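Read off the chains here:
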Amino acid sequence: MTAGRSSGGPQRLLVLSADMGGGHEATAAALEQAAAGVWPGVEIQRLDTLDVMGPGIGRLFRRIYVDNVEHTPWLYEFFYAQLWRHTWFAAASKRFTGSWSGRRLIDRIDRFDPDLIVSTYPLGSAGLAWLHRHRGLQQPTAAYVSDIAPHPFWIHGSLGVNFVVHDAAVTLARACDPEAVVEVCALPVQAAFHPGSRAEARGRLGLAPDALVTLVSCGAYAFGDVAQTVGTLLGASERVQVVAACGRNDETRTRLEGLGVPAHRLKVLGWTDEMPVLVRASDIVVSNAGGAIALEAIASGRPLVMFRPIAAHGEANANLLVVAGLAELCTDEDQLDAYIRAAVRGRGALHEMGERAGELAGRGSSGDSLRRVAGSHPSGRGRRTWRVRPSDAFFLHADTPQRVQEVGGILELDHTAAAGLTVEDVRATIGPRVAGLPILRRRLVGSARLGWDMSGAADLTTHITAVEASHGADAACDDYWSESLPSDGFPWGVRLVQSPDEARTVLLVKTHHVLGDGISLIGLLDRLLDPAPGDPLEERRPAPGGAAHGSGRSGIRHGLRQGRLVAEGLGSLAARSIGRWAVVDSAQSSRRLIATATVDEARIRAIASASGCRAHEVVIAVVAHALARTLTDAGLVDGTLPLRAMVPVARRAPRLDRVFGNWTAAVTVDLPLGPMSFRRRLEEVIGQLRARARRGEPQGAFVAMELLARLPAPVLPIVARTIYTSRFFSTIVSYMPAAHGDRWFAGARVGSLCPVVPLAEGIPVTAGAIVQGGTVGFGIVVDDALRASGISRAATSRAVADTVREAELEVLR
């Protein structure tokens, strides 16, 4: 989820929860709501820890939990007691589950790249603690205990903060782990749970205005004999009206409905979204678990009765609630009957308990604790640093002195608004955003084992520079991509180029490929820019279904289909590796010549519509046509052999919700170089792109890269410098969709965005295109050594523009 832009705080929040009852998810929802209020526009992703731990794990753990509570409570109580009785057992259990969940969380953390992580589920918290100790996780983290009574699985000394909801819980929490940082936070419930008018709530729900309304809520699974509880309440007095919230327990709901009790005495509900109103409408809330419903009742200023609490954590919650003066404990029907009869006679005790609940509810907000987390530091960080993913390290190993893998963008700003822009303005604009963009805080460390250190910050005076381009803005772009990034380990840089004679202002942004691929780059660029007011930023939302996992037979079928595609793709790639293609033979240098061109997106889409194809297919055909003209005119190719292009393909819908890591695959397309019409070249490109996709080349290439990247450390650099060369392809052609709407930087509108795709060993020319705000920006990068063959910036740019005009004449006439 995302909305607007966050400034002055975290921009990406990861929430670990689990579908285990309703309490963990309820707490997660409350924290997400609070985060959106504290940091408007913060991007939030919630993960179900059990689903991350493996297929079917959530279903298995839920079944074990439900069976233990309902059928073998003695076993559940025994396990719970051993956690308290034997510290070695608690430590070993936390270490095992933490290693399990932590290892499975690594890729998910890499994919989302959060700068703040909170957990509302013990196994998620254990995973984060393990990652701090053993994998160098450096983001601020916190555990929120969604019960009033913590237990050893909840509390971890390696986390930045462990939050409990009452002072009475602090001693228990510190007993769980004496090294833990434990603090009291506001009740983590959604804002809808608050004190309010009973009469208004009852009118909305159709409840009796003068009855003693008793809400029975026994958690999402409605544990215990709810029918017996309801019977006891109804039998206590004719003035009692019971509302039974049965959650997901359809059997209990059906049983209660079958009692035939009139609606003015009993209202039976299943899973409902009306809980905030139901709690406000009640005089008493009855529960046997003490989880989310207990916190919600307290937040609403309503008295709470714990009746026959479930084993282990239910009993612990009940006891602590009584100690805190926030609940009454009734262990059998006689006690409950007597309590309700007393409440009917006089409600003074209920009023006092409600006042105590209201006092606790008024203490701070969840936003306060989230701010505290954002400023915290892990207390259990080990010596290791967060690993560099092998598929990211691959591009670091592919570096050579003359072929450094640096990707980037050239942003043409509205010179009228940007003419007075200075390097101080750029630093003032980007500086505050660096804190909220972990990708810009990552520093490469180590040699034998590459890792990321996020404990420091880049020197903005080194990484954000400016020049006045007396020799022209284009030449200044060439200079920047001919220079190395600063050597302090932070692999990114920004340069402002002012060219008063040309009335141009250009912003150059580049990162090393180790930080991410092209989709990551444009996600980063978008966060350095400002959207138009009211822009919904739909392109930043995760692609629908992107995190879905198949289950059952459908999941098996999907896995088999993907396996077949991978096998076919690997076979196709292997077969094509022995073919012949043109290699642009040239001396190599470290200098670059960058040609750019911009075209209205509407023109490209018109050509695509008339041709019955997609916009990216037209763009790749435009590049092929322009390169064919440029390279053949210079005598670098004779047109008899094709130019083998590696075309990156996003493994899912290319959205801007990701700003870190290399997650794309690729297909290889033989771009024809011989003389032919644009329509014919377009047909060739379309046919190959679609054929390669059908044969599973993207899936095969992705798996191949993952396997190659996991080679032993001494071997990987050799392999990277062997295969990422002209031995396997002769150019790279990239297409990336960026923001739909206009973007601004420091008050100046971005007119166009052109990509810079790095060269590789033996490959002196690459090309890319980015669709941004209604404009397609083309960027063609060539080795400066090709100038000797007659390649020029002007002719290359003109070839792109001429190709689009030629395409329109052929296709649209």
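All values derive from a computational prediction rather than experimental measurement.

K.L.:
Would you mind showing me how to read the overall build of the protein chain here?
P.N.:
Secondary structure assignment for the protein chain yields 30 helices and 28 strands. In summary, the protein chain has a C-alpha radius of gyration of 31 Å against a globular reference of 28 Å for 813 residues, a match within 12%. Each principal axis of the C-alpha distribution contributes one length, and for the protein chain these read about 100 × 55 × 55 Å. When burial is assessed residue by residue, the protein chain has 59% of its 813 residues classed as buried. Across the protein chain, the fraction of contacts at a sequence separation of at least 24, relative to all contacts at a separation of at least 6, is 77%. With an accessible surface of roughly 31,200 Å², the protein chain has 54% of that area assigned to carbon and sulfur atoms. The centroid of the 87 positive side-chain charges in the protein chain is displaced by 5 Å from the centroid of its 83 negative side-chain charges.

K.L.:
What exactly am I supposed to notice about the confidence of the model for the protein chain here?
P.N.:
In the predicted model, the protein chain carries a mean pLDDT of 88, and 94% of its residues have values of at least 70. Below a pLDDT of 50 lies the segment residues 545-554, which in the model reaches four contacts outside its immediate sequence neighbourhood of four places, other chains included.

K.L.:
Where do I start with helix 27 (residues 678-694) in this structure?
P.N.:
Think of an α-helix as turning once every 3.6 residues; residues three or four places apart then point the same way. Between its first and last C-alpha atoms helix 27 spans 24 Å; for 17 residues at 1.5 Å apiece the expected length is 24 Å, and the two agree. All buried positions along helix 27 are accounted for by F678, R681, L682, V685, I686, Q688, L689, A691 and R692. G696 sits one or two residues past helix 27 and shows a positive phi near 80°.

K.L.:
Please clarify how the sheet that holds strand 20 (residues 530-531) should be interpreted in this entry.
P.N.:
Sheet strands associate in pairs through backbone hydrogen bonding, adopting either a parallel or an antiparallel arrangement. Sheet architecture is open: seven strands sit in the order 17-18-19-14-26-25-20, paired in mixed fashion. The open sheet terminates on both sides in strands that have one partner only, identified here as strand 17 (464-468) and strand 20. Bridge analysis of strand 20 against strand 25 (residues 743-745) gives two bridges, and the strand direction is antiparallel. Bridging from a neighbouring strand, P531 pairs with R743 of strand 25. Most of the contacts of helix 22 (residues 473-482) go to strand 19 (residues 504-512), to which it runs at about 15°, and overall it touches strand 14 (406-413), strand 17, strand 18 (492-499), strand 19 and strand 26 (748-756). In this fold helix 23 (residues 518-528) packs onto strand 14, strand 19, strand 20, strand 25 and strand 26, with an angle of close to 40° to the strand it touches most, strand 14.

K.L.:
Looking at this structure, how should I read the pattern of salt bridges?
P.N.:
Two side chains with opposite charge may pair up if their charged atoms get near one another. If you walk through the whole model with that rule in mind, you get 45 salt bridges. Between R690 and E617 there is a salt bridge, and its shortest N-O distance comes to 2.9 Å. Here the residue R690 occupies a position in helix 27, and E617 occupies one in helix 26 (residues 615-633), the gap between them amounting to 73 residues. What makes R690 partly exposed here is its relative accessible area of 30%. One connected set of salt bridges, linked through shared partners, spans R198, R202, D283 and R347.

K.L.:
Can you walk me through the sheet that holds strand 8 (residues 240-245) in this structure?
P.N.:
The strand order across the open sheet formed by six strands is 9-8-7-10-11-12, and the pairing between neighbours is parallel. Each of the sheet's edge strands pairs with one partner strand only, and the pair in question is strand 9 (266-269) and strand 12 (328-330). When strand polarity is set aside, the average angle formed by the axes of neighbouring strands in this sheet is 20°. In terms of strand pairing, strand 11 (residues 304-307) meets strand 12 through three bridges, oriented parallel. By the bridge assignment for strand 12, M306 is matched with L329. Its contacts with the sheet place helix 14 (residues 333-345) against strand 7 (212-217), strand 8, strand 10 (284-287), strand 11 and strand 12, and it is angled at close to 135° to strand 12.

K.L.:
What am I meant to see in the packing of aromatic side chains here?
P.N.:
Under the counting rule described, the total for this entry stands at 13 aromatic pairs. Here the aromatic rings of W88 and F89 are separated by 5.9 Å at their centres, their planes lie at 75°, and the arrangement is edge-to-face. Residue class for F89 comes out partly exposed when judged on its relative accessible area of 22%. Relative to W481, the ring of Y480 has its centre 5.5 Å away and its plane inclined at 85°; by these criteria the two rings are edge-to-face. Assigned by exposure class, Y480 and W481 land together as buried. Ring pairing ties together the aromatic residues F79, W88, F89 and F153, which thus form one cluster. Seen from the ring of F112, R12 lies directly overhead, with NZ or CZ sitting 4.4 Å from the centre. Here the basic side chain of R389 rests over the ring of W663, its NZ or CZ set 3.6 Å away from the ring centre.

K.L.:
Just checking my understanding: could you explain the state of the cysteines for this structure?
P.N.:
Two cysteines joined by a covalent bond between their sulfur atoms form a disulfide. Overall, the coordinates contain zero disulfides when judged by the stated rule. Cysteine C754 shares no disulfide, and the gap to the nearest cysteine sulfur, in C477, comes to 9.3 Å.

K.L.:
Just checking my understanding: could you explain the pairing of strand 9 for this structure?
P.N.:
Successive residues of a regular strand alternate their side chains across the two faces of the sheet. Direction of pairing for strand 8 relative to strand 9: parallel, over a ladder of four bridges. Bridging across to strand 9, A245 finds its partner in L269. Assessed by its sense of winding, the connection that carries the chain from strand 8 through helix 10 (residues 250-257) to strand 9 is right-handed.

K.L.:
Please explain the environment of I607 as it appears in this structure.
P.N.:
Structurally, I607 is set in helix 25 (residues 601-611). For the pair I607 and A393, spaced 214 residues apart in sequence, the C-alpha separation works out to 39 Å. Not counting residues up to four positions away in its chain, the partners in contact with I607 are V618, F678, V804, A807, E808, V811 and L812.

K.L.:
Can you walk me through the nonpolar core in this structure?
P.N.:
Side chains of nonpolar character tend, in soluble globular proteins, to be buried together. Core analysis: the largest hydrophobic core is formed by 67 residues, its most contacted members being V118, Y144 and L321. The element contributing the most residues to this core is helix 12 (residues 292-299), with six residues. In this structure, I117, V388, L521 and L528 belong to the second largest nonpolar core, which totals 59 residues.

K.L.:
Mind showing me how you'd approach the environment of E296 here?
P.N.:
Tracing the chain through its elements places E296 in helix 12. Setting aside chain neighbours within four positions, we find E296 in contact with A26, V189, F193 and V279.

K.L.:
Can you help me understand a nonpolar patch on the surface in this one?
P.N.:
Taken together, the side chains of W74, L75 and F78 define a hydrophobic patch exposed on the protein surface, amounting to about 360 Å² of accessible area. One can find W74 in helix 4 (residues 73-85).

K.L.:
Would you take a moment to explain unusual backbone geometry for this structure?
P.N.:
Where the residue is not glycine, phi is negative for most of them; where a peptide bond is considered, it is trans in most cases. In this model, R308 sits at a positive phi of 45°, which is unusual for a non-glycine residue. When you line up the elements, R308 lands in the loop between strand 11 and helix 13 (313-323). At A503, a position not held by glycine, the phi torsion is positive, near 55°. Secondary-structure assignment places A503 in the loop between strand 18 and strand 19. Taking the relative accessible area as the measure of exposure, A503 reaches 44% and is therefore partly exposed.

Cut-off values and rules
Residues numbered from 1 in each chain as written. Predicted model: local features only at pLDDT ≥ 70, side-chain atom pairs only at ≥ 80, totals over all residues. Heavy atoms only, no water. Helix = DSSP H or I, 4+ residues; strand = E, 2+ residues; numbered from the N terminus. Rg over C-alpha atoms; globule rule 2.2 N^0.38 Å. Buried < 20%, exposed > 50% of the residue type's maximum accessible area, 1.4 Å probe, protein only. Contact = heavy atoms within 4.5 Å. Areas by Shrake-Rupley, 256 points an atom, 1.4 Å probe, with all protein chains shown as cover. Lys, Arg positive; Asp, Glu negative; His and termini not counted. Charge placed at Lys NZ, Arg CZ, Asp CG, Glu CD. pLDDT = per-residue confidence, 0-100. Expected span 1.5 Å × (residues − 1). Pairing = 2+ DSSP bridges. Axes fitted to C-alpha atoms, helices over the stretch in contact; angles between N-to-C directions. Salt bridge = Lys/Arg side-chain N within 4 Å of Asp/Glu carboxyl O. Phe/Tyr/Trp six-rings, centres within 6.5 Å; stacked < 30°, edge-to-face > 60°. Lys NZ or Arg CZ within 6 Å of the ring centre and 35° of its normal. Disulfide = S-S within 2.5 Å. Right-handed = clockwise from strand over helix to strand, strands pointing away. Core = buried A, V, L, I, M, F, W, Y, C linked by side-chain atoms within 4.5 Å. Patch = residues over 30% accessible without salt bridge, like charges linked within 9 Å, V, L, I, M, F, W, Y side chains within 5 Å.

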